[in-house]
Amino acid sequence: MPGPREPGQPAAAPAYTAPVAAQQPAPPAYEPPAYEQPSAERSLFEKRPEILIGLATAGGFVAAQVLGRMRGR
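Bear in mind the structure is a predicted one, so any value in this text is a computation, not a measurement.

(A) Structural detail: the overall build of the protein. When helices and strands are counted, the protein shows 3 helices and 0 strands. Going from the N terminus to the C terminus, the protein shows its helices and strands as α-α-α. The proportion of buried residues among the 73 residues of the protein is 1%. Put simply, the protein shows about 7500 Å² of open surface, and 63% of that area lies on carbon and sulfur atoms.

What follows is the structure, given as structure tokens:
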């Protein structure tokens, strides 16, 4: 901490700081994405997800019928 100034001395100038633009790091180099771009062609189940839900429901119904017959119902 500096001591008191004498009446004829100017105030100490602040230490030099570089302009803000010079302090910012350089932007990272371009890297390709880590994932593949989705293809324009979608499968039937992606276009119509209700088909997949219907198949799962029908499969569960058939499985319940088979298990019920095995138990003797």
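Text resumes after the structure shown.
(B) Structural detail: helix 3 (residues 49–71). Look at helix 3: 33 Å from first C-alpha to last across 23 residues, which is about the 33 Å you get at 1.5 Å a residue. The positive-phi residue at the C-terminal boundary of helix 3 is G72, with phi of around 95°.

(C) Local environment of the confidence of the model for the protein. For the protein, per-residue confidence averages 80 on the pLDDT scale, and residues scoring 70 or more make up 68% of the total. Highest mean pLDDT in the protein belongs to helix 3 (95); lowest belongs to helix 1 (residues 20–23) (64).

(D) Representation of the environment of F45. Along the chain, the position of F45 falls in helix 2 (residues 44–47). If near-sequence neighbours (up to four positions away) are discounted, F45 is found in contact with I51, L52 and L55.

(E) Layout of the pattern of salt bridges. Applying the stated criterion to the full structure yields 2 salt bridges. Measuring nitrogen to oxygen at the nearest pair gives 2.5 Å for the salt bridge that ties R48 to E50.

(F) How the structure looks around a nonpolar patch on the surface. A cluster of nonpolar side chains, L44, F45, I51, L52 and L55, forms an exposed patch at the surface whose accessible area comes to about 460 Å². Contributions of two or more residues to the nonpolar patch are made by helix 2 and helix 3. Sorting elements by how many residues they give to the nonpolar patch places helix 3 first, with 3 residues.

Basis of the calculations
Each chain carries its own residue numbering, running from 1 in the direction its sequence is written. Totals for whole chains, interfaces and linings use every residue, but because this is a predicted model, local features are given only for residues with pLDDT of at least 70 and side-chain atom pairs only at 80 or more, for both listing and counting. The basis for the side-chain values is all heavy atoms of the structure; hydrogens and waters are excluded. Numbering of helices and strands runs from the N terminus, with a helix taken as a DSSP run of H or I at least four residues long and a strand as a DSSP run of E at least two residues long. Relative accessibility decides the category of a residue: with a 1.4 Å probe and only protein chains considered, values under 20% of the type maximum give buried, values over 50% give exposed, and everything between is partly exposed. Every accessible area reported is derived by Shrake-Rupley at a probe size of 1.4 Å, with residue values counting cover from the shown protein chains alone. What a helix is expected to span follows from its residue count: subtract one and scale by 1.5 Å. Predictor confidence is given residue by residue as pLDDT, running from a minimum of 0 to a maximum of 100. For this analysis, residues touch if any pair of their heavy atoms sits within 4.5 Å. What counts as a salt bridge is simple: a side-chain nitrogen of Lys or Arg found within 4 Å of a carboxyl oxygen of Asp or Glu. Patch members must show over 30% relative accessible area and no salt bridge, and they are joined within 9 Å when carrying like charges or within 5 Å when they are nonpolar side chains of Val, Leu, Ile, Met, Phe, Trp or Tyr.

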